[in-house]
Amino acid sequence: MSPAGGARPIAAHPAAHALWAATAPAAPPTPALSESLSTDALVVGAGYTGLCAALHLAEAGASVCVLDAHAPGWGASGRNGGQVNPTLRQDPDELLRRYGAERAEALVATVSRSADLVYGLIQRHAIACDPVRAGWLQLGYTPQAVDALHARARQWERRGVRVELLDRAAVAARTGTPAFAGGWLDGRAGSVQPLAYVRGLVRAAQALGVQVHGGSPVVHLERQGRRWTARTAQGARVQAQQLLLATNGYTDGLWPGLARTLLAANSFIVATQPLGAAGADILARGETASTAQRLLLYWRKDAQGRLLLGGRGHFSDPSGAQDFAHLERALARMFPQLGAVPCAYRWAGRVALTRDCMPHLHQPAPGITAALGYNGRGIATATSLGQHAAALLAGGRTRDCPYPVTPVQPMALHGLQRWYIAAGVAWYGLLDRLGR
């Protein structure tokens, strides 16, 4: 069986890591795989999902190899905004309607604990990644939007989550901007330096004997008896009983149809220099924040007091500072007290969006598992899904997994995704402006 033979590595672009690469601890050595080997489990993709799965498998005594086309954290795990939000796109009551009480409540409880898992790993493995757990503010521009947010907060509150319902004055005091009519605080959430978290996971996995190799794109998979053989672009081969595909928004054609289960939309981020006293009233307690718009904005401060703001960009990778102008205008509107503060960093990365707005877990063939599609909730969700994917690779039953295991179902007309996204960005941007 030979499901794919034409997978190609994703080309790098110069803005890949910007701020995070400038402030993260040095990367541990992850040289390209130079010789063939045999292992219990092979993980393709050295982001949060793959590294967490490898870590849990190694803790259970399995031999594990992790391969990535680039350096660990090159993709979304090293480019995101660093917010640790233990939620899905759907509210708990929507999950209840979709999956029924027993499965939905197990899923909600797992998602709710996902930030605990992140911070637990950071503590247990002494990962230096500037962890802060001061909560997440989700904010609305209109009273109608705030009513919907308060209803969402009450759903989580009924499940034991510490929440605060905030009016306009309370939000202004916490955020340093009067732009919002209100919102809520999710006390479970927080932030990390995302690339530093990746590199800490690499070190923790290596300490348990996991082999992690960057610069080793897998270009071919073949089933041989009860084992899979993966071949890298350099010709090295890895034989494994179990294989995990954890490539998220940078998924290519390695497994047929898998890339077409996602829309890979770009998210752009800008960051200032450290603000010092000028930014003292902006998220003064260390919270993260985002809007409840269709095209959301999200922001936080880093450990050095830089202000980061992110949001959707165009489909193509950025070609220059002009592609970030919409974010810099939003920054100036929200925080006029800062005056003309130039942005010192600009970068972008792909957010993997799924049709049902759920993370996807697939087992398309014996010995193959795929975990991907985080819809902007990557740090917490990918860490959690990595843990549960590891349980499946170790022989766990799908019915015991809180995340639904579903067939690979490519989106219809997926080749038009560039136009879907461009049209959607324009349309939702108009609706957001009209709704303010």
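Data block above holds the structure.
Residues numbered from 1 in each chain as written. Predicted model: local features only at pLDDT ≥ 70, side-chain atom pairs only at ≥ 80, totals over all residues. Heavy atoms only, no water.

Caption draft 1: The arrangement of unusual backbone geometry in detail. Phi at Ala126 is positive, roughly 50°, even though this residue is not glycine. Relative to the helices and strands, Ala126 is located in the loop between α5 (114–124) and β4 (136–140). A relative accessible area of 66% places Ala126 in the exposed class. The residue Cys357 is not glycine, and still its phi comes out positive at about 60°. (Helix = DSSP H or I, 4+ residues; strand = E, 2+ residues; numbered from the N terminus. Buried < 20%, exposed > 50% of the residue type's maximum accessible area, 1.4 Å probe, protein only.)

Caption draft 2: Expanded view of the side chain of Thr369. Summarising the element assignment, Thr369 is placed in strand β18 (residues 368–372). Accessibility expressed as a relative area gives 0% for Thr369, which makes it buried. Only 3.1 Å separates the side chain of Thr369 from the side chain of Gln363, close enough to count as a polar contact. Leave out the neighbours within four places in its chain, and Thr369 touches Leu243, Leu244, Leu245, Leu361, His362, Gln363 and Leu393. (Polar contact = N/O pair within 3.5 Å; in protein donor to acceptor, adjacent residues only side chain to side chain. Contact = heavy atoms within 4.5 Å.)

Caption draft 3: Here's a closer look at the sheet that holds strand β15 (residues 307–312). With respect to topology, 8 strands assemble into an open sheet ordered β5-β6-β4-β13-β14-β15-β12-β16, the strand pairing being mixed. Only two strands of the sheet have a single partner each, and these edge strands are β5 (163–167) and β16 (343–354). Neighbour-to-neighbour, the strand axes of this sheet turn through a mean angle of 20°, independent of strand direction. In this sheet, strand β14 (residues 297–301) lies alongside strand β13 (residues 288–291) in antiparallel orientation, the contact comprising 2 bridges. (Pairing = 2+ DSSP bridges. Axes fitted to C-alpha atoms, helices over the stretch in contact; angles between N-to-C directions.)

Caption draft 4: A look at the nonpolar core. Counting residues in hydrophobic clusters, the biggest one holds 73 residues, and the most contacted among them are Val66, Tyr197 and Leu201. Setting aside anything within four residues of it in sequence, one finds Val66 in contact with Val43, Gly45, Ala46, Leu51, Ala54, Val210, Gln211, Val212 and His213. Judged by nonpolar contacts, the second largest core, of 26 residues, contains Leu275, Phe324, Cys343 and Ala348. (Core = buried A, V, L, I, M, F, W, Y, C linked by side-chain atoms within 4.5 Å.)

Caption draft 5: Broad picture of the pattern of salt bridges. Applying the stated criterion across every chain, the model contains 14 salt bridges. In this structure, the salt-bridge partner of Asp93 is Arg158, at a minimum N-O distance of 3.1 Å. Of this pair, Asp93 sits in helix α3 (residues 92–99) while Arg158 sits in the loop between α6 (143–157) and β5, and the two are 65 residues apart along the sequence. Overall, the relative accessible area of 56% leaves Arg158 in the exposed class. (Salt bridge = Lys/Arg side-chain N within 4 Å of Asp/Glu carboxyl O.)

Caption draft 6: Geometry of the packing of α3 against helix α4 (residues 101–112). Here α3 crosses α4 at 145°, and the two axes come no closer than 7 Å. In the crossing of α3 with α4, the sense of the turn from one axis to the other is right-handed. Across from Pro92, Leu95, Leu96 and Tyr99 in α3, the residues of α4 making contact are Ala101, Arg103, Ala104, Glu105, Leu107 and Val108. Within the contact of α3 with α4, the residues separate by chemical class into 8 nonpolar, no polar and 2 charged. (Left-handed = near helix turned anticlockwise from the far one by under 90°. Nonpolar A, V, L, I, M, F, W, Y, C, P; charged D, E, K, R; others polar.)

Caption draft 7: Just helix α7 (residues 168–175), in detail. Buried within α7 we find Val171, Arg174 and Thr175. All buried residues of α7 lie within an arc of 85° about the axis, which places them on one face of the element. Residues Ala169 and Ala173 are exposed on α7 and point more than 90 degrees away from its buried face. Of the surrounding secondary structure, the elements contacted by the buried residues of α7 are β4, β5 and β6 (182–186). By the N-cap criterion, in which a side-chain oxygen at the helix start approaches the backbone nitrogen of a residue two or three places on, α7 is capped by Asp167, the distance to Ala169 being 3.3 Å. Downstream of α7 by a residue or two, Gly176 has a phi angle that is positive, lying close to 80°. (Arc of directions from axis to C-beta.)

Caption draft 8: Representation of the packing of α5 against helix α10 (residues 378–393). Two numbers describe how α5 lies on α10: the axes approach to 8 Å, and their chain directions differ by 80°. Put simply, α5 runs roughly perpendicular to α10. Judged by residue contacts, Ser114, Ala115, Leu117, Val118 and Leu121 of α5 engage Ile379, Ala380, Thr383, Ser384 and Gln387 from α10. (Parallel < 35°, antiparallel > 145°, perpendicular 65-115°, else oblique.)

Caption draft 9: Geometry of α3. Among the residues of α3, those classed as buried are Pro92, Asp93 and Leu95. Seen from one end, α3 has its buried residues packed into an arc of 160°, which puts them on one side. Residues of α3 that are buried sit in contact with α4 and α6. Within two residues after α3, Gly100 carries a phi angle of roughly 85°, on the positive side.

Caption draft 10: Layout of the pairing of strand β2 (residues 64–67). Here β2 shows a buried face lined by Val64 and Val66 and a second buried face lined by Cys65 and Leu67. The pairing of strand β1 (residues 37–44) with β2 spans 4 bridges and is parallel. In the strand pairing of β2, Ala41 is matched with Val64. Pairing between β2 and strand β8 (residues 211–213): 3 bridges, direction parallel. Residue pairing across strands places Val66 opposite Val212, the latter belonging to β8.

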